[in-house]
Amino acid sequence: MTIFVIAAEILTVYFDGAHPTHRLLCVIGNMAGFSMSPVIPLLLGCMISDRFQKLDWLFGVPALINLILSLLSTVFPFIFTVSADNVYQRGESFWVFTAAYALSTLYLFFQTLNASKRYQNSNRFVLFALLLFMLLGTSVQVLRPSLHVSWLCISMSICLYYVYYSELRHQIDGLTWLLTRRTYEESLNKIRGRKNVTFFIFDIDNFKCINDRYGHPFGDFCIKSTANCIKDVFSKNGLCFRTGGDEFCVISDCVDTDTVQSLYQKFLSEINLMRKENPSLPMVSIGYASYNKKSGTIGEAIFNADQQMYCFKQSRKYAPPSTVNQ
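Residues numbered from 1 in each chain as written. Predicted model: local features only at pLDDT ≥ 70, side-chain atom pairs only at ≥ 80, totals over all residues. Heavy atoms only, no water.

Undergrad: I keep staring at the pairing of strand β4 (residues 238-242) and nothing clicks. Help me out?
TA: Every other side chain in a regular strand lies on the same face of the sheet, so the side chains alternate between the two faces. In terms of burial, β4 is largely enclosed, as four of its five residues are buried. Bridge count for β4 against strand β5 (residues 247-252) is five bridges, and the pairing is antiparallel. When the sheet's bridge partners are listed, Gly238 is paired in β5 with Ser252. Linking two consecutive strands that pair antiparallel, namely β4 and β5, is a turn of four residues. (Buried < 20%, exposed > 50% of the residue type's maximum accessible area, 1.4 Å probe, protein only. Helix = DSSP H or I, 4+ residues; strand = E, 2+ residues; numbered from the N terminus. Pairing = 2+ DSSP bridges.)

Undergrad: Teacher, can you tell me more about the pairing of strand β3 (residues 197-204) here?
TA: A large share of β3 lies buried, amounting to eight of its eight residues. The two faces of β3 match: Val197, Phe199, Ile201 and Asp203 on one face and Thr198, Phe200, Phe202 and Ile204 on the other face are all buried. Here eight bridges tie β3 to strand β6 (residues 284-291), and the two strands are oriented antiparallel to one another. When the sheet's bridge partners are listed, Asp203 is paired in β6 with Ser285. The pairing of β3 with β5 spans six bridges and is classified as antiparallel.

Undergrad: I would appreciate a short explanation of the pattern of salt bridges in the present structure.
TA: Counted according to the given criterion, the structure contains six salt bridges. Note that Asp173 and Arg242 form a salt bridge whose closest N and O atoms lie 3.2 Å from each other. With Asp173 in the loop between α7 (150-170) and α8 (181-191) and Arg242 in strand β4, this pair connects stretches of sequence that are 69 residues apart. Asp173 sits in the buried class, given a relative accessible area of 16%. A salt bridge links Arg181 to Glu185; the nearest nitrogen and oxygen atoms lie 3.0 Å apart. With Arg181 and Glu185 both in helix α8 and four residues apart, the pair spans about one turn of that helix. Arg181 gets classed as partly exposed once you look at its relative accessible area, which sits at 40%. (Salt bridge = Lys/Arg side-chain N within 4 Å of Asp/Glu carboxyl O.)

Undergrad: Whenever I open this one, the packing of helix α4 (residues 56-72) against helix α5 (residues 94-118) confuses me. Can you help?
TA: Between two packed helices, the angle of one axis relative to the other and the distance separating the axes together describe the packing. Running from N to C, α4 and α5 point in directions that differ by 150°, and their axes come no closer than 9 Å. Relative to α5, the element α4 is oriented roughly antiparallel. The handedness of the crossing between α4 and α5 comes out as left-handed. Residues Asp56, Phe59, Pro62, Ala63, Ile65, Asn66 and Leu69 of α4 form the contact with α5, whose own contacting residues are Val96, Phe97, Ala100, Leu103, Ser104, Leu106, Tyr107, Phe110 and Gln111. (Axes fitted to C-alpha atoms, helices over the stretch in contact; angles between N-to-C directions. Parallel < 35°, antiparallel > 145°, perpendicular 65-115°, else oblique. Left-handed = near helix turned anticlockwise from the far one by under 90°. Contact = heavy atoms within 4.5 Å.)

Undergrad: Which parts of the structure should I look at to understand the packing of aromatic side chains?
TA: Centre distance and the angle of the planes are the two values used to describe a pair of aromatic rings. Throughout the structure, instances matching the rule amount to 19 aromatic pairs. Look at Phe109 and Phe110: their rings are 5.9 Å apart centre to centre, the planes differ by 65°, and that puts the pair in the edge-to-face class. Using a relative accessible area of 32% as the deciding quantity, one classes Phe109 as partly exposed. Relative accessible area serves as the criterion here: at 39%, Phe110 is assigned to the partly exposed category. Each ring, one from Phe234 and one from Phe267, has its centre 6.1 Å from the other, and the planes form 45°; the classification is tilted. (Phe/Tyr/Trp six-rings, centres within 6.5 Å; stacked < 30°, edge-to-face > 60°.)

Undergrad: Where do I start with helix α10 (residues 216-234) in this structure?
TA: One full turn of an α-helix is made of 3.6 residues, so residues set three or four places apart face in the same direction. End to end, α10 covers 27 Å across 19 residues, agreeing with the expected 27 Å (1.5 Å per residue, within 8%). Of all the residues in α10, the buried ones are Phe218, Gly219, Cys222, Ile223, Ser225, Thr226, Ala227, Cys229, Ile230, Lys231, Val233 and Phe234. (Expected span 1.5 Å × (residues − 1).)

Undergrad: Sorry if this is basic, but what is going on with the packing of helix α3 (residues 39-48) against α5 here?
TA: The geometry of α3 relative to α5 is characterised by a closest axis approach of 8 Å and an angle of 15° between their N-to-C directions. Taken together, the axes of α3 and α5 are roughly parallel relative to one another. In this structure, the crossing between α3 and α5 has a hand that is left-handed. Contact residues: Pro41, Leu42, Leu44, Gly45, Cys46 and Ile48 in α3; Tyr101, Ser104, Thr105, Tyr107, Leu108, Gln111, Thr112, Ala115 and Arg118 in α5. When grouped by side-chain class, the residues that make up the contact of α3 with α5 number nine nonpolar, five polar and one charged. (Nonpolar A, V, L, I, M, F, W, Y, C, P; charged D, E, K, R; others polar.)

Undergrad: Please clarify how the state of the cysteines should be interpreted in this entry.
TA: Each disulfide consists of a covalent bond between the sulfur atoms of two cysteine residues. Throughout the structure, instances matching the rule amount to zero disulfides. Cysteine Cys249 remains unbridged, with the sulfur of Cys240 as its closest cysteine sulfur at 9.2 Å. Between Cys254, a free cysteine, and Cys240, which holds the nearest cysteine sulfur, the sulfur-to-sulfur gap is 11 Å. Look at Cys254 and you get buried, because its relative accessible area is 16%. (Disulfide = S-S within 2.5 Å.)

Undergrad: When you look at the nonpolar core in this model, what are you seeing that I'm missing?
TA: A general tendency of soluble globular proteins is for nonpolar side chains to be buried together. Grouped together as the largest cluster of nonpolar side chains are 30 residues, with contacts concentrated most on Phe200, Phe202, Ile230, Phe234, Phe248, Phe267 and Ile286. At the level of secondary structure, the elements contributing two or more residues to this core comprise β3, α9 (207-214), α10, β5, α11 (257-277) and β6. Among the elements that take part in this core, α10 stands out by supplying eight residues, more than any other. In contact with Phe200, other than residues within four places in its own chain, are Phe234, Phe248, Cys249, Val250, Ser252, Val260, Leu263, Ile286, Gly287 and Tyr288. Counting residues in each nonpolar core, the second largest holds 29 residues, with Leu168, Ile172, Ala301 and Met309 among its members. (Core = buried A, V, L, I, M, F, W, Y, C linked by side-chain atoms within 4.5 Å.)

Any functional reading would require information beyond the geometric quantities listed.
Quick look at the structure:
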């Protein structure tokens, strides 16, 4: 669609002010460009959205009104007009196009913000810089119609946007929508010697037996349920990773003892509540340890968290049934 709109703009630039016999081509080019331009940010926003809500239709209404007025502008001077001498001018309702495009871009902005949260993306500056670049390019041509730079900027932004979005998708585990092992390793390199963090390590108890007894589809359900629980508890306080088949990790900025313990207890409560609703779900063992850049290493902190998780698992393994179900 972007290619189509660019072609329409080229058509209008080439035939604007040309011989009156080419007026029809100029009219068609303007109609196509004005009608389709606000639709592109809407489609891009829908593409990156994981769900489509009823409220999203409200952002499409201005684009629809603009499309209708653009079609009618071939006869009436609403959005644009092309005189008998084949000279283009903005119509009386040109503000409708401007408003529709602005609202469509605003919709894309909100979907971008939601996507950055969904993908646990901390580098949101790149996304906002791309949107700002797109807006500036469009604004320049709105203020100075003779400078045809809007679609050059939009095309570059969309290409870069797609590259960035693809990179985000590559960082996400397809089953759980948590960050991947590769992203986990990269995150370890970023925090090495720079800041204090807390590592939470998770492991689903007896997962191999679950797969053997109930089958892999139920095993996938257990993994997704555990991942959702981890994300619900820890996503606002750190990055959540799937580091192995049934293994997970959270790297949290919280190092305060009370806060860490509160997150620990909240996770156990959520897991117990989840298992109460579905008794077939397994227990999840958890351990944690803090990394201080002034003392100790990241490897030692991860080892300590893993050991605590192992102790947690062993204490439940030999506990009486009443304790296990608690």
